[in-house]
Amino acid sequence: MAAAVATAQSVLPFQSPSEAIEQTVSKPVERHDVQTSINYYKDPGDGSLPMPIVIAENTVRNERPHTPRPVVVRDVTGEEDRYALDSHGFQFVARRSALSGLPAFQDDALVRAEYYPECAGLVRDVTGASRVFIFDHKTRCGPTNWHKLGKGNRSSRGPLMRAHVDQSYAGAELVLRRWFPDEADALLKRRYQIINIWRPIKPILKDPLAVADATTLADADLLGAAIEYPAAGDRDETWTVRPGAAHRWYYKRAQRPAEALLIKCFDSDAAVPARRAPHTAFEDPAAADAEPRESVEARALVFYD
């Protein structure tokens, strides 16, 4: 299966395009840290596995118990360059997309034809990878309670208010073998990653995305959890996240469409400090009455020679 085409475009130190104006004016950075809560998995403590998420007939059933824990989510504004994929598990990159507006990102054919190559190029530029393959994308513009809307709720997908990682270590191999069945054994012998490209479709205040510093979570804080697709006889495996006092969470206030966030979900290189970064939407009480969030996320398999 052919990898997506990448563009040749260098990545500069983070600077939002609109901030490139008025360089001679020195203004103090005003950060907006948020006292909020993060929804973690409520582990019954009996050794049982988390209840599987079941996806069938355009409906997602997620009945896993969760427990909200108070946290402060730190605003990275003005300090974006401090955070990188291998050191923290996430990285902000200033890069515009040729696509704009929710209708464009809801056009699956247009997204695959134009946005997938953009994302592949962005990931290649940031990582230096030899091969990047975009295998999935999702748009989110629905309410936060979309899981509770019943049959067909997948069409109203909104922010996911639970800490998670999209692939566990075992789940990453499932994804690799699904998309590259004939090459998988050879690819598993080299370094590979799964990286999400997360982008606002319009500036985001309500229900922003928080990402955790990967080095503040131990593997013991993560629990493999299944997603089942009965009609296809297939499954995925993600990480759900137990609470931890050491966890440190970050976001960028009013993140804009020209500001992409790369999130590392998996890295086969066990020597790298950051192998996986949990993430979740969260509530900012100051933006409770803001417009609903619109965002798009693409997922990339990333390979190195």
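Because the structure is predicted, anything quoted here is derived from the model rather than measured.

### Some remarks on the side chain of Arg64
Secondary-structure assignment places Arg64 in the loop between strand S3 (59–61) and strand S4 (66–75). Glu228 provides the closest opposite charge to the buried, unpaired Arg64, separated from it by 8.5 Å. At 2.8 Å, the side chain of Arg64 forms a polar contact with the backbone oxygen of Ala226. Residue contacts for Arg64: discarding those within four places in its chain leaves Tyr41, Pro50, Met51, Pro52, Ile53, Arg162, Ala225, Ala226 and Thr238.

### A closer look at unusual backbone geometry
Its identity as a non-glycine residue notwithstanding, Glu57 has a phi of 50 degrees, on the positive side. Checked against the element boundaries, Glu57 lands in the loop between strand S2 (53–56) and S3. Positive phi is not limited to glycine here, since Asn58 has a value of about 60 degrees. Along the polypeptide, Asn58 turns up in the loop between S2 and S3.

### Focus on the confidence of the model for the protein chain
Here the protein chain averages 90 in pLDDT, and 89% of its residues register 70 or above. Predicted confidence is poor over residues 1–12, with pLDDT under 50, and the contacts of this stretch with residues over four places away or in other chains come to 34 contacts. pLDDT under 50 marks residues 16–26. Its contacts with residues more than four places away, or in other chains, come to 11 contacts.

Reading the values: the criteria
Residues numbered from 1 in each chain as written. Predicted model: local features only at pLDDT ≥ 70, side-chain atom pairs only at ≥ 80, totals over all residues. Heavy atoms only, no water. Helix = DSSP H or I, 4+ residues; strand = E, 2+ residues; numbered from the N terminus. Buried < 20%, exposed > 50% of the residue type's maximum accessible area, 1.4 Å probe, protein only. Lys, Arg positive; Asp, Glu negative; His and termini not counted. Salt bridge = Lys/Arg side-chain N within 4 Å of Asp/Glu carboxyl O. Polar contact = N/O pair within 3.5 Å; in protein donor to acceptor, adjacent residues only side chain to side chain. Contact = heavy atoms within 4.5 Å. pLDDT = per-residue confidence, 0-100.

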